[in-house]
Amino acid sequence: MENHLSRRTLLALAAGIPASAALAACGSSGPGGGGDGATATYWHLSGQPQEGVRTGAVERFNESSSKGRIEVTTFENDAYKTKIKTAIGAGKAPTVIWGWGGGTLRSYVEADQVDDLTPWFEEHPEVKDRLFPSSFGAATVDGRIYAMPFENVEPIVLFYNKKLFDDVGVEPPQSWGDIMDLVPRFNEEGIAPFSLGGQSRWTNMMWLEFLFDRIGGPEVFQAVFDGEKNAWSHPAAIDALTKVQDLIKADGFIKGFSSITADSNADQALLYTGKAAMMLHGSWSYGLQQAEGGDFVSSGGLGFMNFPPVEGGKGDPGNTVGNPAQYLSISSKASSEQKKIAKDFFANGVLTDQEVEEWIATGGVPIVKGSEKLLAESENAEFLEFVYDVASNAKTFGQSWDQALSPTAAETLLDNIARLFQLSVSPQEFTDNLNEVIGK
């Protein structure tokens, strides 16, 4: 756990998070009310400003709960994925399991590692009714709900540095052809066209998610998700894989992108410091750039847009990809006392009015119905309303591939995506490798 409390606290405060939430950011849950002394455990991702909101919610719950308290441990993104997989496999998962739903959740269900929450939601319809209906898709396995959707809707956004575009005298891309035309223009000025934390692999994946959709429509990946034989060999898939390698060969990304990690936020720093002109990243990046980028956001320097269409593509340019929500499950191995605490937290500690306001302050759009007025009143109104419009108007909101697929297929996917971006596999080799793990 980091000891840089002062820096973490300042980051949280810069994003509008109350001091109590910021001070909870190193994993201490506070003294707690805990009437019977029972303790539930909860692991989630580190990194401000989101970490401060998550731990702040737990801190408030601990202060008011009569059923027990929750103890928090935080991890960086990639470390968390490894740690939680190991813990669940060993039957030693935390009481509350933070995740992305989809294929990973299905694997937990099939291994009987998480509780079926369907009866609980039937007993507490008020909890379900206040959340976006679309958020429950990735929480549902074979018609049963195994996770509590919470936090934000997080589409992937094409961010750009307005000053660099003005300096070079170019406009934001309106098509894939525009993207390829912009690459030499920025390179000639010594500016990387795109920032990319390629070592983290999932950042590379976002490019393919959009290209598959824009070229072939959502049906292309849906066939993979449905387990259709050789679904990765769709002509639109080959076209998308070829296009992304064309971009790499044209020096479309920052030099050395394969050694840059997303967890370090170095990819985002390249954008707000003017070393890169554009970046494809999750909507959560807005809050970090606001917190760490000085006056970059407040001065109007950050531009944002949905991914542009590809010439001749079949996909609806209004579609998006990313995270329809985040998800909390309850470990089936937890004690009955721990499960009671977790359910009390779901009912009374998750997405409270204060937490909703804090997510909005970070540049997030909570998955709570009726928050439009708060979004419009926020200092981040332009961005938040953009995210709300993209998410709510998309005919298809594709879940991130590494979350939609099983852990086995997802690991093969991420490994081959890294190799694709390093130009060490061809589009055909990529599809051959991925076809072998369809349905596994």
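Attention here is on the structure that accompanies the text.

Focus on the sheet that holds strand β6 (residues 148-150)
In space, the 5 strands of this open sheet follow the order β2-β1-β3-β12-β6, with mixed pairing throughout. Each of the sheet's edge strands pairs with one partner strand only, and the pair in question is β2 (69-75) and β6. Shown here is a sheet whose adjacent strand axes are inclined to one another by a mean of 25°, direction ignored. As paired strands, β6 and strand β12 (residues 326-330) are joined by 3 bridges and run antiparallel to one another. Note on β12: the bridge partner recorded for Pro-149 is Tyr-327. The strands touched by helix α3 (residues 50-64) within the sheet are β1 (39-45), β2 and β3 (96-99), with β2 carrying the most contacts at an inclination of about 165°.

Observations regarding the packing of helix α20 (residues 407-421) against helix α21 (residues 427-435)
Between α20 and α21, the least distance of the axes is 10 Å, while the angle of their chain directions is 170°. As summarised for this structure, α20 and α21 are arranged roughly antiparallel, according to the angle between their axes. Where α20 abuts α21, its residues Ala-409, Thr-412, Leu-413, Asn-416, Ile-417, Arg-419 and Leu-420 lie against Pro-427, Phe-430, Asn-433 and Leu-434. For the contact of α20 with α21, a count of residues per class yields 7 nonpolar, 3 polar and 1 charged.

A closer look at the side chain of Ser-285
Take Ser-285: it is sitting in helix α14 (residues 285-292). With relative accessibility at 0%, the residue Ser-285 sits in the buried group. Within the structure, Ser-285 has its side chain in polar contact with the side chain of Gln-289 (distance 2.8 Å). Beyond its immediate chain neighbours, meaning those up to four positions away, Ser-285 contacts Phe-159, Gln-268 and Met-279.

Things to note about the nonpolar core
Soluble globular proteins: nonpolar side chains tend toward being buried together. Formed by 74 residues in total, the largest nonpolar core has its most connected members in Tyr-42, Tyr-80, Phe-159, Leu-328, Phe-345, Phe-346 and Leu-351. In terms of residue count, helix α18 (residues 381-393) provides more of this core than any other element does, 7 residues in total. The contact partners of Tyr-42, leaving out residues within four places of it in the chain, are Val-58, Ile-70, Glu-71, Val-72, Thr-73, Pro-94, Val-96, Trp-98, Phe-150, Leu-328 and Phe-345. Formed by 67 residues, the second largest nonpolar core is a distinct cluster that contains Phe-186, Phe-194, Ala-276 and Leu-280.

So, the layout of surface pockets
In this model, the largest pocket occupies a volume close to 960 Å³. Contributing elements (two or more residues each) for the lining of the largest pocket: α5 (102-110), β4 (140-141), α10 (202-216), α11 (219-225), α18, β14 (397-399), α19 (401-404) and α20. Sort the elements by how many residues they give to the lining of the largest pocket and α5 lands first, with 5 residues. Residue classes in the lining of the largest pocket are distributed as 24 nonpolar, 15 polar and 6 charged.

Description of the pattern of salt bridges
Per the stated rule, a full pass over the model turns up 13 salt bridges. Close ionic contact of Glu-151 with Arg-54 constitutes a salt bridge, the shortest N to O distance being 2.7 Å. Within this pair, whereas Glu-151 is found in the loop between β6 and β7 (152-161), its partner Arg-54 is found in helix α3, the two being separated by 97 residues in sequence. Note that Glu-358 and Arg-60 form a salt bridge whose closest N and O atoms lie 3.1 Å from each other. Within this pair, whereas Glu-358 is found in helix α16 (residues 353-361), its partner Arg-60 is found in helix α3, the two being separated by 298 residues in sequence. Just as Glu-358 is buried, Arg-60 falls in that class too. Each of Arg-106, Glu-110 and Asp-142 takes part in one network of salt bridges that share partners.

Some remarks on empty space enclosed by the protein
Summed over all chains, the structure comprises 2 cavities of 30 Å³ or more. Empty space within the largest cavity amounts to approximately 70 Å³. When residues in the lining of the largest cavity are grouped by element, the largest group, 3 residues, is from β7. A class-by-class count of the residues in the lining of the largest cavity yields 5 nonpolar, 7 polar and 1 charged. When its volume is computed, the second largest cavity comes out at roughly 40 Å³. Looking at side-chain class alone, the lining of the second largest cavity contains 5 nonpolar, no polar and 3 charged residues.

Details of unusual backbone geometry
The step from Gln-48 to Pro-49 runs through a cis peptide bond, and the omega angle for that step is 5°. The residue Pro-49 is located in the loop between β1 and α3 in this model. The residue Asp-112 is not glycine, and still its phi comes out positive at about 55°. Turning to its location among the elements, Asp-112 is positioned in the loop between α5 and α6 (118-123). Of note, Asn-230 is a non-glycine position whose phi angle comes to about 60°, a positive value. Inspection of the secondary structure assignment puts Asn-230 in the loop between α11 and α12 (235-249).

Concerning helix α15 (residues 336-348)
Here α15 is 13 residues long and its end C-alpha atoms lie 18 Å apart, about the 18 Å a rise of 1.5 Å per residue gives. The set of residues buried in α15 consists of Gln-338, Lys-339, Ile-341, Ala-342, Asp-344, Phe-345 and Phe-346.

Quick notes on the environment of Gly-318
Mapped onto the secondary structure, Gly-318 falls in the loop between β10 (302-305) and β11 (320-323). Leaving out residues up to four positions away in the same chain, Gly-318 has contacts with Asn-306, Val-390 and Ala-394.

Quick word on the side chain of Gln-290
Note that Gln-290 resides in helix α14. Judged by its relative accessible area of 15%, Gln-290 falls in the buried class. Sequence-distant contacts of Gln-290, that is, excluding residues within four places in its chain, are made with Val-297, Ala-361, Glu-379 and Asn-380.

Conventions and cut-offs
- Residues numbered from 1 in each chain as written.
- Predicted model: local features only at pLDDT ≥ 70, side-chain atom pairs only at ≥ 80, totals over all residues.
- Heavy atoms only, no water.
- Pairing = 2+ DSSP bridges.
- Helix = DSSP H or I, 4+ residues; strand = E, 2+ residues; numbered from the N terminus.
- Axes fitted to C-alpha atoms, helices over the stretch in contact; angles between N-to-C directions.
- Contact = heavy atoms within 4.5 Å.
- Parallel < 35°, antiparallel > 145°, perpendicular 65-115°, else oblique.
- Nonpolar A, V, L, I, M, F, W, Y, C, P; charged D, E, K, R; others polar.
- Buried < 20%, exposed > 50% of the residue type's maximum accessible area, 1.4 Å probe, protein only.
- Polar contact = N/O pair within 3.5 Å; in protein donor to acceptor, adjacent residues only side chain to side chain.
- Core = buried A, V, L, I, M, F, W, Y, C linked by side-chain atoms within 4.5 Å.
- 1 Å grid on protein atoms, 1.4 Å probe; cavity = no way out; pocket = protein on both sides within 12 Å on 5 of 7 lines; lining within 4 Å.
- Points joined across faces, edges and corners; volume = space filled by probe spheres on them.
- Salt bridge = Lys/Arg side-chain N within 4 Å of Asp/Glu carboxyl O.
- Expected span 1.5 Å × (residues − 1).

Read these as geometric descriptors, not functional statements.
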